[in-house]
Amino acid sequence: MPVRVRLLPAALFLALYLALQATALLFQGARGLSAWYLPAGLVLAFLTAYGPRSAPWVLLTMVVGGALLSPHPPDLIAAVVTTAVYTLGGALLRRGAGWRTGPVQLRDVARLATAAVLTSGLAAMGTVSVLRLNGTLSSPPWAEAILNWWVGDLVGIMALTPALLLGARAARRAPEPPAVWARVAGAALPLLAIPLTLALVLGLAVAHGLQVLYLCFLPLLWLALQQPLGVVTLGTLLMSAGITVLVWWSDAPAQQRLDVQLLMVTLALTTLVVATLSAERRTQREHLARLALHDPLTGLPNRRAFLTRLGELLGAGHPAVLVLFLDIDRLKWVNDTLGHAAGDAYLKAMAGRLLRALPARGVAARLGGDEFALAAPLRADSEAAPCAERLFAALQGPLQVAGHELAPAVSVGASCAPRDGTAVDALLLRADEAMYEAKRTGAGLGWSVAAAPSYPALQYEHDLRRALASGRELELHYQPQVDLRTMTVSGFEALVRWRHPERGLISPGAFLPVAERTGLIVPLGSWVLRGATAQLGRWQAQTGRPLRMAVNLAAAQLPSPGLVDEVRRALADSGVAGAHLELELTESALLTDPARAAEVLTQIAALGVRMALDDFGTGYSSLSHLKAFPVSTLKIDRAFVQALDSPLERRLVQGVVALGQVMGLCVLAEGAETPEQVRWVRDLGCDAVQGYALGRPLPPEQAAALLAAPPTLPS
């Protein structure tokens with residue numbers, strides 16, 4: 001007979017079957033039938049764990065057990081009937097994963113009860129009928145024999161099968177020995193309630209009889225509400241063993257034995273139901289607690305958990321604590337181009353990289369959308385910069401997303417306690433502001449410059465108001481824009497800088513978020529517009545060249561009722577023609593109030609002023625926006641330009657260029673940092689380029705020098 005189960009489990013099954021059958025038969029003889037028959041529970045558990053392929057070995061074991069230990073002569077037909085019925089019972093339990101691999105749920109308990117009743121009942125009917133027909137079993141009467149056989153097997157299944165199945169799973173997942181002993185010790189104390197209860201029942205049974213066995217419900221229900229399901233099933237097995245010994249010792253009459261057997265079945269089933277419901281409730285509570293503190297997509301802690309953990313790190317007395325604020329660029333593009341499933345995969349991949357790069361005792365979190373944060377304790381403030389650079393480098397490199405190779409783009413802002421403050425909110429704000437500046441400049445990684453806790457946002461606002469009123473602290477720097485056909489400077493982009501009298505040159509990433517939150521961005525934008533057009537007028541007069549000036553327009557400026565008049569006055573005061581001024585806007589700024597934006601921009605366009613759509617490809621990038629608004633220039637976002645080593649990115653840029661050509665728009669690539677990137681955008685058909693490879697933002701005097709000696713592209 002071929003045996004297809006593994007040798008060790010089969011040998012253990014045979015040995016345990018013989019031992020349990022011998023134990024069960026100890027409670028028979030002159031004192032009547034056993035109160036339980038544990039081999040039935042063992043057989044059902046074995047067939048559930050190893051499936052129908054183990055049935056031949058079960059049949060062989062039952063024949064051997066019958067020949068060695070049974071008071072009746074062995075009968076092969078009866079063994080075949082029993083094996084077939086129990087194989088069907090095992091197949092019923094295997095239909096759900098609860099008793100083999102997954103968590104046990106209420107439907108798994110119902111499936112166990114059904115399998116136990118049907119299997120033991122059908123096996124009892126078939127086996128007793130076979131034994132009666134061949135004359136092996138002559139008494140008791142047929143119906144009574146079936147009932148005794150049925151209930152004995154039923155008690156054995158309900159007591160032993162769940163304990164064996166859950167115990168085998170626990171053994172397969174057993175931790176290291178110290179943890180094993182810790183778990184054993186943790187389960188031993190609650191299980192002491194079982195022998196204590198049995199001792200109490202034994203003492204009371206002398207005076208009150210076996211009806212006091214109902215007290216056995218109390219410790220089992222307590223276990224069911226407090227302990228894991230594996231401990232509960234072990235407690236049920238121990239309680240059943242104690243009750244069986246008590247019934248055998250008391251030599252109770254047959255009818256009372258039947259009542260006790262039904263009590264044990266009720267005990268086992270009720271305990272399993274209560275334990276399963278309790279486990280499900282605990283799992284739901286744990287799931288809800290995890291959802292409250294973790295991001296469901298990436299599994300990382302959420303903002304709430306991150307702030308709590310950061311507070312703990314700051315209160316632990318570490319010499320320094322590094323905080324990073326990360327913005328995963330191009331998520332919107334991935335969602336729109338490859339689908340939201342690819343966007344989720346992109347975020348999860350980046351979260352995985354962040355976790356793998358996480359320093360010891362650090363915490364990484366998803367704050368929401370495409371924003372992540374990281375905090376890590378350091379041994380010294382000097383470790384902050386190298387650590388941040390290592391983390392930033394770990395996030396680079398191509399990713400496979402939805403079958404495409406994607407070069408991720410990340411903007412990171414860094415702050416460090418106590419240098420940049422000791423409050424949770426302040427550190428995260430400093431890192432956020434540094435990230436904003438890193439995104440603006442394309443540096444990738446930026447550091448907080450508004451570090452000291454004595455210079456909070458309120459002081460920023462006060463000093464910025466003073467700077468705007470005086471006009472002496474603010475400066476305009478100019479980054480050249482180069483015509484790729486002639487490789488000459490065709491214009492500049494005006495970028496504001498703040499030279500604080502006490503704190504030196506403050507990065508835009510530090511003060512522009514404050515300006516936006518406080519509404520100061522509107523007067524600041526007006527100041528930039530007037531200064532940039534005035535400088536353009538001077539350059540045009542000096543050189544006689546039709547230079548162009550690009551000025552950023554904030555979303556908050558569009559609703560301003562005087563914006564059109566401001567532009568008109570700036571052109572008139574500087575003597576600059578409208579065609580030489582270009583206002584740059586992002587798509588998000590346009591969509592704050594599309595109707596108002598379209599109205600205002602149409603009026604400005606009537607002055608001859610050009611409009612540029614900034615960061616094209618990272619926002620909504622809708623063709624309808626290009627038709628609804630008077631756009632004349634598309635600025636390809638630096639994230640695409642810096643990833644042009646990827647064939648996919650080159651095809652995307654080529655597509656944007658083709659779109660611009662079809663619509664008669666100028667296409668400018670920003671963020672070109674290397675000569676190779678400049679050559680790529682030129683070869684792909686871009687009209688102009690802007691980036692560190694050809695010039696950084698410079699004060700007016702240095703920028704003017706580029707007009708006399710245009711930038712050259714290194715070989």
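Refer to the structure above for everything that follows.
A brief report on the enclosed structure follows. Keep in mind the model is a prediction, meaning the values are calculated, not measured.

**As for the overall build of the protein**
Logical step 1: Looking only at helices and strands, one finds 27 helices and 16 strands in the protein.
Logical step 2: Expressed as a percentage of its 715 residues, the buried residues of the protein come to 50%.
Logical step 3: Counted over contacts in the protein with a minimum sequence separation of 6, partners at least 24 positions apart contribute 71%.
Logical step 4: Summing over all exposed atoms, the protein offers an accessible surface of approximately 31,500 Å²; the carbon and sulfur share of this is 61%.

**Quick notes on the environment of valine 155**
Logical step 1: Within the element layout of this structure, valine 155 appears in helix α6 (residues 142–172).
Logical step 2: On the basis of relative accessibility, which here comes to 2%, the residue valine 155 falls in the buried class.
Logical step 3: Residues valine 155 and leucine 263, 108 residues apart in the sequence, show an inter-C-alpha distance of 9.3 Å.

**Re the pattern of salt bridges**
Logical step 1: Counted according to the given criterion, the structure contains 17 salt bridges.
Logical step 2: The closest approach of N and O atoms between arginine 466 and glutamate 473, which form a salt bridge, is 2.9 Å.
Logical step 3: The exposure class assigned to arginine 466 is partly exposed, which follows from its relative accessible area of 31%.
Logical step 4: Salt-bridge contacts for glutamate 582 lead to arginine 610; the nearest nitrogen and oxygen are separated by 3.3 Å. Of this pair, glutamate 582 sits in strand β12 (residues 581–586) while arginine 610 is found in strand β13 (residues 610–616), placing the two residues 28 residues apart along the sequence. Each member of the pair, glutamate 582 together with arginine 610, is buried.
Logical step 5: In this structure, a network of salt bridges that share partners links the residues Glu493, Glu584, Lys635 and Glu670.

**Focus: helix α1 (residues 7–26)**
Logical step 1: Taking 1.5 Å of rise per residue, 20 residues should cover 28 Å, and α1 covers 29 Å from first to last C-alpha, within 8% of that figure.
Logical step 2: Elements in contact with the buried residues of α1: α2 (38–50), α3 (55–69) and α6.

**A short note on the environment of proline 711**
Logical step 1: Its place among the elements puts proline 711 in the segment after α27 (700–708).
Logical step 2: Taking the relative accessible area as the measure of exposure, proline 711 reaches 12% and is therefore buried.
Logical step 3: Considering only alpha carbons, one finds proline 711 and valine 482, 229 residues apart in sequence, at a separation of 8.4 Å.
Logical step 4: Other than its neighbours up to four places away in sequence, proline 711 contacts Val482, Met487, Val489, Leu694 and Leu706.

**A word on helix α4 (residues 76–94)**
Logical step 1: In a regular helix each residue adds 1.5 Å, so 19 residues correspond to 27 Å; α4 covers 26 Å between its end C-alpha atoms and thus fits that length.
Logical step 2: Every buried residue of α4 is listed here: Ala78, Ala79, Thr82, Thr83, Val85, Tyr86, Thr87, Gly89, Gly90 and Leu93.
Logical step 3: In this fold, the buried residues of α4 make contact with α2, α3, α5 (106–133) and α6.

**Focus on the pairing of β13**
Logical step 1: Most of β13 sits out of view: 6 of its 7 residues are buried.
Logical step 2: Taken together, the 5 bridges between β12 and β13 define a ladder with parallel strand orientation. Bridge assignment links leucine 585 to a residue of β13, and that residue is leucine 613.
Logical step 3: Here β13 pairs with strand β14 (residues 633–636) via 3 bridges, running parallel.

**Here we look at the nonpolar core**
Logical step 1: Judged by nonpolar contacts, the single largest core of 116 residues is most densely connected at Leu583 and Ile604.
Logical step 2: For this core, the element with the highest residue contribution is helix α19 (residues 521–543), accounting for 8 residues.
Logical step 3: Once residues lying within four places of it in the same chain are set aside, the contact partners of isoleucine 604 are Leu563, Val564, Val567, Leu583, Val609 and Met611.
Logical step 4: Among the nonpolar cores identified, the runner-up in size contains 65 residues, and Ala40, Ala115, Ala123 and Leu229 belong to it.

**Looking at the state of the cysteines**
Logical step 1: On inspection of all chains with the given rule, the structure shows 0 disulfides.
Logical step 2: No disulfide involves cysteine 387; its sulfur sits 9.4 Å from that of cysteine 416, the nearest cysteine.
Logical step 3: According to the relative accessible area criterion, cysteine 387 is buried, its value standing at 5%.
Logical step 4: Considering cysteine sulfurs only, cysteine 666 is the nearest to cysteine 686, which forms no disulfide, with 9.1 Å between them.

Quick notes on the rules
Residues numbered from 1 in each chain as written. Predicted model: local features only at pLDDT ≥ 70, side-chain atom pairs only at ≥ 80, totals over all residues. Heavy atoms only, no water. Helix = DSSP H or I, 4+ residues; strand = E, 2+ residues; numbered from the N terminus. Buried < 20%, exposed > 50% of the residue type's maximum accessible area, 1.4 Å probe, protein only. Contact = heavy atoms within 4.5 Å. Areas by Shrake-Rupley, 256 points an atom, 1.4 Å probe, with all protein chains shown as cover. Salt bridge = Lys/Arg side-chain N within 4 Å of Asp/Glu carboxyl O. Expected span 1.5 Å × (residues − 1). Pairing = 2+ DSSP bridges. Core = buried A, V, L, I, M, F, W, Y, C linked by side-chain atoms within 4.5 Å. Disulfide = S-S within 2.5 Å.

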